[in-house]
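# Fold and geometry: a report
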Amino acid sequence: LAEADAAALTFDVTLNTHSGELPADIAEMAMLHVGGATLSAESWEPQGDGHHVTGVLTFSLEGEEAQQAVSEGIEVMLMLHGLAGANPTFHWDLP
């Protein structure tokens, strides 16, 4: 978020489990809340499968609402709805 004109936000994500298979596409369950805007994931580029997956989750910042939310730099919240029967949520407070 240091670049005001960034076209996307990307997250390096690592998922591990020993109680089942991980979903193939976490972009379908990912939502990013930035300021007052809610963004859907644009893409998920995984490496690996099964119990151990690492990948890049990307959210587009195209559009006025997304750019305004990022420039405000308040709170960022990443939610993965329904991952392993839960809703893991990650928070960052930005300056």
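An account of the accompanying structure is given in this report.

The rules we used
- Starting afresh in each chain, residues are numbered from 1 along the sequence in its written order.
- Owing to the predicted nature of the model, reporting of local features is limited to residues with pLDDT of at least 70; listing and counting of side-chain atom pairs is limited to 80 or more, with chain, interface and lining totals taken over all residues.
- No hydrogens and no water enter the side-chain calculation; it runs on all heavy atoms of the structure.
- A helix here means a DSSP run of H or I that spans at least four residues, while a strand means a run of E at least two residues long, and both kinds are numbered starting from the N terminus.
- Only protein chains enter the accessibility calculation, which uses a 1.4 Å probe; a residue whose area is less than 20% of its type maximum is buried, one above 50% is exposed, and one in between is partly exposed.
- Residue contacts follow a heavy-atom distance rule, with two residues in contact if any of their heavy atoms lie within 4.5 Å.
- A pair of strands is labelled paired if DSSP reports no fewer than 2 bridges between them.
- Helix axes use the C-alpha atoms of the stretch in contact, all axes being lines fitted to C-alpha atoms, and the angles between their N-to-C directions lie in the range 0 to 180 degrees.

## Remarks on the overall build of the protein chain
Check the secondary structure of the protein chain and you find one helix and seven strands. In the protein chain, the succession of α and β elements from N to C terminus is β-β-β-β-β-α-β-β. Residues classed as buried in the protein chain amount to 37% of the 95 residues present. Long-range contacts, defined as pairs at least 24 residues apart, comprise 52% of the intrachain contacts of the protein chain with a sequence gap of at least 6.

## Concerning the sheet that holds strand E5 (residues 52-60)
The sheet built from three strands is open, its strands ordered E1-E5-E4 with antiparallel pairing. Each edge of the sheet is formed by a strand with only one pairing partner; in this case those strands are strand E1 (8-16) and strand E4 (43-47). Ignoring strand direction, the axes of neighbouring strands in this sheet form an average angle of 20 degrees.

## Considerations on the side chain of threonine 58
Within the secondary structure, threonine 58 sits in strand E5. If sequence neighbours within four positions are ignored, threonine 58 has contacts with Ala8, Leu9, Thr10, Ala41, Glu42 and Ser43.

Everything listed here is a matter of geometry and, on its own, says nothing about what the molecule does.
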